[in-house]
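Coordinate inspection notes
Here's the letter readout for the chains.
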Amino acid sequence: MVRPCPSVGPRGRLRAWPGARELAPSLRARPARCRRLLPRGGAAPAGGGAEAGPGGGPGCAGGAAVKAGDMTDNIPLQPVRQKKRMDSRPRAGCSEWLRCCGGGEPRPRTVWLGHPEKRDQRYPRNVINNQKYNFFTFLPGVLFNQFKYFFNLYFLLLACSQFVPEMRLGALYTYWVPLGFVLAVTIIREAVEEIRCYTRDKEVNAQVYSRLTARGTVKVKSSSIQVGDLIIVEKNQRVPADMIFLRTSEKNGSCFLRTDQLDGETDWKLRLPVACTQRLPTAADLLQIRSYVYAEEPNIDIHNFVGTFTREDSDPPISESLSIENALWAGTVTASGTVVGVVLYTGRELRSVMNTSNPRSKIGLFDLEVNCLTKILFGALVVVSLVMVALQHFAGRWYLQILRFLLLFSNIIPISLRVNLDMGKIVYSWVIRRDSKIPGTVVRSSTIPEQLGRISYLLTDKTGTLTQNEMVFKRLHLGTVAYGLDSMDEVQSHIFSIYTQQPQDPPAQKGSAPTTKVRRTMSSRVHEAVKAIALCHNVTPVYESNGVTDQAEAEKQYEDSCRVYQASSPDEVALVQWTESVGLTLVGRDQSSVQLRTPGDQILNFTILQLFPFTYESKRMGIIVRDESTGEITFYMKGADVVMAGIVQYNDWLEEECGNMAREGLRVLVVAKKSLAEEQYQDFEARYVQAKLSVHDRSLKVATVIESLEMEMELLCLTGVEDQLQADVRPTLETLRNAGIKVTNRGEAHLELNAFRRKHDCALVISGDSLEVCLKYYEYEFMELACQCPAVVCCRCAPTQKAQIVRLLQERTGRLTCAVGDGGNDVSMIQESDCGVGVEGKEGKQASLAADFSITQFRHLGRLLMVHGRNSYKRSAALSQFVIHRSLCISAMQAVFSSVFYFASVPLYQGFLIIGYSTIYTMFPVFSLVLDKDVKSEVAMLYPELYKDLLKGRPLSYKTFLIWVLISIYQGSTIMYGALLLFESEFVHIVAISFTSLILTELLMVALTIQSWHWLMTVAELLSLACYIASLVFLHEFIDVYFIATLSFLWKVSVITLVSCLPLYVLKYLRRRFSPPSYSKLTS
């Protein structure tokens, strides 16, 4: 038998699989269609395999509709020699974190209840601190982060050089004011963020809780809580530290937690207190017993916990195993009752703190391209300076002349470029948030809006992202018969007949005896299946007051109108609601019993002996119950078909029917049972309790004991639950495909995604185990095949696999990726992608909070990319080119001026002229380009092919950069030579003519570039011109006021401006006439 595939641990952590290396040679030797790992028992995965959702909810169907191996028969597979690392970013584990903070290596701990002074090691204070700086490190830290980049440091050295008399070229403020403005904006932004963090942290640390002491209950701040304290947490109050659940005020002996702030999941989680402490008469008795908790070392795993509780003053001493069901993590909120817990971890050792890492700071491709162009400009600056000195034949102190020319031509590198682009990003983010057609959209990362305009690969989750995450029961399959929505009344009649039939049936007619026997057999089969579904789950009915009946009365009478179901998975709620609709209602549940109500209002009582919750590793859940009326012990189990196929007895219909239901888009679960004798259960319980008390390898030992029961179980039925697509998912996917974006689905296979196969029948569907083998041994071939397909569907994909595929796409193709998800298991994929989009769904907000952009529905993604992404990229490209053009123009004029005057390092413009040129005179018109657009948003949505043009990066490329450099050189040279030729007597007239022509040329160039005028653009143009005219009165130091009022000045400026701009207007007209861009055909 082939060993099982690498198992996936909780939340997608991969467990090492020793058999992979031995299996590799045999995989390479087999034909391509045979290269896939088989699940337990050697059975091939069913065609519609389903992965159980949290708490045993079903996975999606259709996973193996197209097997990966069948699509690679003609592709030579070669094993990858170099093993890729799983994560490109270093992850600081617990030990590294504590070592950095001086806490030493993390160790397991023994915590005595109510005695924090009895500690065997030093624990951190329970203080939450999310600030990057403190009062003393703020200014040095911000300045360091700014000047660690070359170009910021360059401008700092440039400004500092003006303190040296030999290198001074003008007033100090001409260099320090622009640099100071940039730094001031950054410092203010950082200060505001730090103040917000400080305020939030102070509010959390100052929250007051009740602590049990020998003197009674005392109030204590959250920051003063210590390890070993007994803390009382009221309903709807935040848990202040990681604790073990000791007592609750709830009658059923359990409580619910809201964990959406920890793991992003909105469903409530059931937590159980330590049985020994729950039985104590009062909470004060916790201080009278001698007991302690032995806990594992601090780690980041929020879904597992290993520890033991020991009471020493009893005879014999009592020991209980502790697991995640007994843990209350900091940041969660109690949703029911008052709880008492003992503090285990505080401060930086909290699970929530250790899982809060600064995500990778994403730098957009556009910013990298701009940085590259800026480096080219720096090279040009050095070359021009060297040329100027070389033309002087390196005479005198030539090295000092090089430095002076570097300062003189420093405008080649525009210091305002970074500020303009950052302000543009803020505008784009504001426009996205204000778009009424995508309400609720949030921009959490305002540094990469241009990324949205260049996405080549889209990776999306399915459940909750493409679907509504609202489960509807659609199919019950018993092997020989299947019941759909139109035949559920038959199921109801079978259940009704079981519980209402008379003890002695009337004698049947001779000819009808076989029919009666068949009917009775079918009724019993339906009854067993429905009862198994009604018992095998983790759903708890909760009764609330409805205004007519209070909560206590509703719970006592099992009032239907007051009952709501709470569970960790919507799949389970859908199953329990269906059993209620056919007559078997879940009316009560606590940690030790379950109550069902029959169609005849009879209450069936079952004792819960053991509960085996769902895990991502096992892909199944189970429960052992005892029927109190008969004493029978039954083990029920449900799970994904890939694991249940090797557990149930042999049958010839499971795989085929799973495939059929999967192809209908249903999420499939396999339900089975096994009757246990009393002796058999007692033996199992003894081994199970012993395994749960283990501190080392507990999960492995517990799984081994449970698997001893999972053999030859009776297959009862298959359930099919449908999770319908959200509105406009198919049109959105079609739009994205027409825009040149390839889609990879990271959930489970879904029938609707086959819409991509209309034109090219080559969609790739691959299951998680096959994907694991491909990524490990055939990485290159798999990525080559995936990139050729218009759509790829990965079934039952682990979170680490999602992130790995994103990384491989980035490395293999060099293209931008966008990941979309709505659950906590999508965070790794979202953070790894170039642009992460979170959908606020029913699975919580963890994905939304971790993403760069947050939307409320998947269909909003189309407008986010086609309209806002496209506009942001094109606008930033135009803005950056104009800022560079503005700087190169004045630098070209300076070069001409220095060349004419014997290569002297004398500035053409000084003082306020050089500052005003890049600020009040031209800043507003140039920045108004962030409002420009080539087509209306409706046209961009109607013709997604316009988006495809941007994938080649043509709006900002080396070609366009070279064109703008040539334009700048032409215009700067024309203006300078024109001023030199037309001036008559005084040098100050050259300054007046050239500077005025330069301002007018820049304003006209902006007007030439604008494609759709906004009223703010007109205001910016007129306001800038008015500011320049008004400021001439105060610029008598640089400009002759009397000369600018003459007719001679006006005609000279007009001629120079016309010569510098008219040829460009002509060229633009000819280009649009004979080679129009694609969008111009639509605007006409």
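Reading the values: the criteria
Residues numbered from 1 in each chain as written. Predicted model: local features only at pLDDT ≥ 70, side-chain atom pairs only at ≥ 80, totals over all residues. Heavy atoms only, no water. UniProt positions renumbered as here; feature names shortened; annotations may be inferred. Helix = DSSP H or I, 4+ residues; strand = E, 2+ residues; numbered from the N terminus. Buried < 20%, exposed > 50% of the residue type's maximum accessible area, 1.4 Å probe, protein only. Contact = heavy atoms within 4.5 Å. Polar contact = N/O pair within 3.5 Å; in protein donor to acceptor, adjacent residues only side chain to side chain. 1 Å grid on protein atoms, 1.4 Å probe; cavity = no way out; pocket = protein on both sides within 12 Å on 5 of 7 lines; lining within 4 Å. Points joined across faces, edges and corners; volume = space filled by probe spheres on them. Nonpolar A, V, L, I, M, F, W, Y, C, P; charged D, E, K, R; others polar. Expected span 1.5 Å × (residues − 1). Arc of directions from axis to C-beta. Pairing = 2+ DSSP bridges. Axes fitted to C-alpha atoms, helices over the stretch in contact; angles between N-to-C directions. Parallel < 35°, antiparallel > 145°, perpendicular 65-115°, else oblique. Left-handed = near helix turned anticlockwise from the far one by under 90°. Phe/Tyr/Trp six-rings, centres within 6.5 Å; stacked < 30°, edge-to-face > 60°. Lys NZ or Arg CZ within 6 Å of the ring centre and 35° of its normal. Salt bridge = Lys/Arg side-chain N within 4 Å of Asp/Glu carboxyl O. pLDDT = per-residue confidence, 0-100. Patch = residues over 30% accessible without salt bridge, like charges linked within 9 Å, V, L, I, M, F, W, Y side chains within 5 Å. Areas by Shrake-Rupley, 256 points an atom, 1.4 Å probe, with all protein chains shown as cover.

Residues annotated by UniProt as "binding site: Mg(2+)" (unreviewed entry) correspond here to D461, T463, D822 and D826. Despite a sequence span of 366 residues, these residues sit close together in the fold, their greatest C-alpha distance being 10.9 Å. Within the secondary structure layout, D461 lies in the loop between β15 (455–460) and β16 (467–477).

Its location among the elements puts E320 in strand β10 (residues 318–322). Its relative accessible area of 17% is what places E320 among the buried residues. Separated by eleven residues in the primary sequence, E320 and F309 place their C-alpha atoms 5.1 Å from one another. What E320 contacts, discounting residues up to four positions off in sequence, is V274, A275, C276, G307, T308, F309 and L693. At 3.2 Å, the side chain of E320 forms a polar contact with the backbone nitrogen of A275.

A separate point is empty space enclosed by the protein. Following the criterion strictly, the structure yields nine cavities of 30 Å³ or more and no others. Approximately 540 Å³ is the volume attributed to the largest cavity. The wall of the largest cavity is formed by 33 residues, among which T174, Y175, S410, N411 and I914 lie closest to the centre. The set of elements that each furnish at least two residues to the lining of the largest cavity consists of α4 (150–160), α5 (173–205), α10 (398–408), α26 (860–900) and α27 (912–918). The dominant element in the lining of the largest cavity, judged by the number of residues it contributes, is α26, at five residues. Looking at the lining of the largest cavity residue by residue, the class counts come to 21 nonpolar, eleven polar and one charged.

Examined against the element boundaries, T346 turns out to sit in the loop between β13 (339–345) and α8 (351–354). Within polar-contact distance, the side chain of T346 engages the backbone oxygen of P124 at 2.6 Å. Leave out the neighbours within four places in its chain, and T346 touches Y123, P124, R125, N126, I225, Q226, V227 and A241.

This part covers helix α33 (residues 1015–1031). Its 17 residues give α33 an end-to-end C-alpha distance of 24 Å, which sits within 8% of 24 Å, the value for a rise of 1.5 Å per residue. Among the residues of α33, those classed as buried are M1017, A1020, E1021, S1024, Y1028 and S1031. Axial view of α33: buried residues confined to an arc of 120°, hence all on one face. More than 90 degrees from the buried face of α33, the exposed residues found are W1015, L1022 and I1029. Against α28 (923–927) and α32 (987–1009) lie the buried residues of α33.

Let's shift gears to the environment of K362. Here K362 is to be found in the loop between α8 and α9 (365–391). Those residues in contact with K362, other than ones at most four positions away along the chain, are T447, I448, I830, Q831, S833, D834, C835, G836 and D852.

Spatially, β14-β32-β31-β30-β15-β27-β29-β28 is the arrangement adopted by the eight strands of the open sheet, whose pairing is mixed. Of all the strands in the sheet, the pair left with one neighbour each is β14 (442–443) and β28 (764–767). Sheet strands in contact with helix α22 (residues 779–788) are β15, β27 (742–745), β28 and β29 (791–795), and its direction is about 140° off that of β28.

We now examine the packing of helix α3 (residues 138–147) against α5. Viewed as axis vectors pointing N to C, α3 and α5 meet at an angle of 130°, and their least axial separation amounts to 11 Å. The orientation of α3 with respect to α5, classified from their angle, is oblique. The two elements α3 and α5 meet at a crossing, and its hand is right-handed. Contact residues: F138, L139, V142, L143, Q146 and F147 in α3; L183, T186, I187, E190, A191 and E194 in α5.

The geometry of an aromatic ring pair is captured by two quantities: the separation of the ring centres and the angle between the planes. Scanning all chains against the criterion turns up 25 aromatic pairs. On the basis of an interplanar angle of 85° and a centroid distance of 5.4 Å, the ring pair of F135 and F136 is categorised as edge-to-face. Here F473 and W578 contribute two aromatic rings whose centre-to-centre distance is 4.1 Å and whose plane-to-plane angle is 15°, an arrangement assigned as stacked. Here W578 lies in helix α15 (residues 570–581) and F473 lies in strand β16, a separation of 105 residues in the sequence. For the residue pair F473 and W578, the accessibility class agrees, reading buried in each case. Ring-pair connections join several aromatic residues into one group, and the members of that group are Y909, F912, Y917, Y921, F995 and Y1028. In this structure, K118 packs its charged tip against the face of W112, placed 5.1 Å from the ring centre.

Two strands in a sheet stick together by hydrogen bonds in their backbones, pointing the same way (parallel) or opposite ways (antiparallel). Strand order across the open sheet formed by six strands is β3-β2-β4-β13-β5-β11, with antiparallel pairing between neighbours. Where the open sheet ends on each side, the last strands, each with one partner, are β3 (216–221) and β11 (327–328). Sheet topology places strand β5 (residues 242–248) next to β11; two bridges connect them, and they run antiparallel. By the bridge assignment, I244 is partnered in β11 with A327.

What follows is about the pattern of salt bridges. Per the counting criterion, the structure on display carries 30 salt bridges. Where R211 meets D229, a salt bridge forms, and the shortest distance between an N and an O atom there is 3.1 Å. Placement of R211 in strand β2 (residues 208–213) and of D229 in the loop between β3 and β4 (230–233) is noted, with a sequence separation of 18 residues between them. Accessibility expressed as a relative area gives 4% for D229, which makes it buried. R807 is paired through a salt bridge with E832; the nearest N and O atoms lie 3.4 Å apart. Here E832 lies in helix α24 (residues 827–832) and R807 lies in helix α23 (residues 799–813), a separation of 25 residues in the sequence. You'll find R807 and E832 in the same group, each marked buried. Beyond isolated ion pairs, a larger network of salt bridges with shared partners links D367, R418, D422, K425 and E450.

The next thing to look at is the confidence of the model for the protein. Segments scoring low in pLDDT should not have their predicted coordinates read at a detailed level. Across the protein, the average pLDDT comes to 80, with 83% of residues at or above 70. Per-residue pLDDT, averaged within each element of the protein, yields its smallest value for helix α1 (residues 19–29) (35) and its largest for strand β24 (residues 633–639) (95). Throughout residues 748–759 the model reports pLDDT below 50, and contacts reaching past four residues in sequence, or to other chains, amount to 44 contacts.

Let's shift gears to the pairing of strand β26 (residues 714–725). Sheet topology places β16 next to β26; seven bridges connect them, and they run antiparallel. By the bridge assignment, T467 is partnered in β26 with L725. For strand β25 (residues 667–676) and β26, the ladder comprises seven bridges, and the chain directions are antiparallel. The partner of V668 across the bridge, within β26, is G720.

Here the focus is a nonpolar patch on the surface. Nonpolar side chains collect at one region of the surface, where L1004, L1058, L1062, Y1065, V1066, L1067, Y1069, L1070 and F1074 lie side by side and expose about 910 Å² of accessible area between them. With eight residues, helix α34 (residues 1047–1074) is the single largest residue contributor to the nonpolar patch. If you trace the backbone, L1062 turns up in helix α34. Using a relative accessible area of 44% as the deciding quantity, one classes L1062 as partly exposed.

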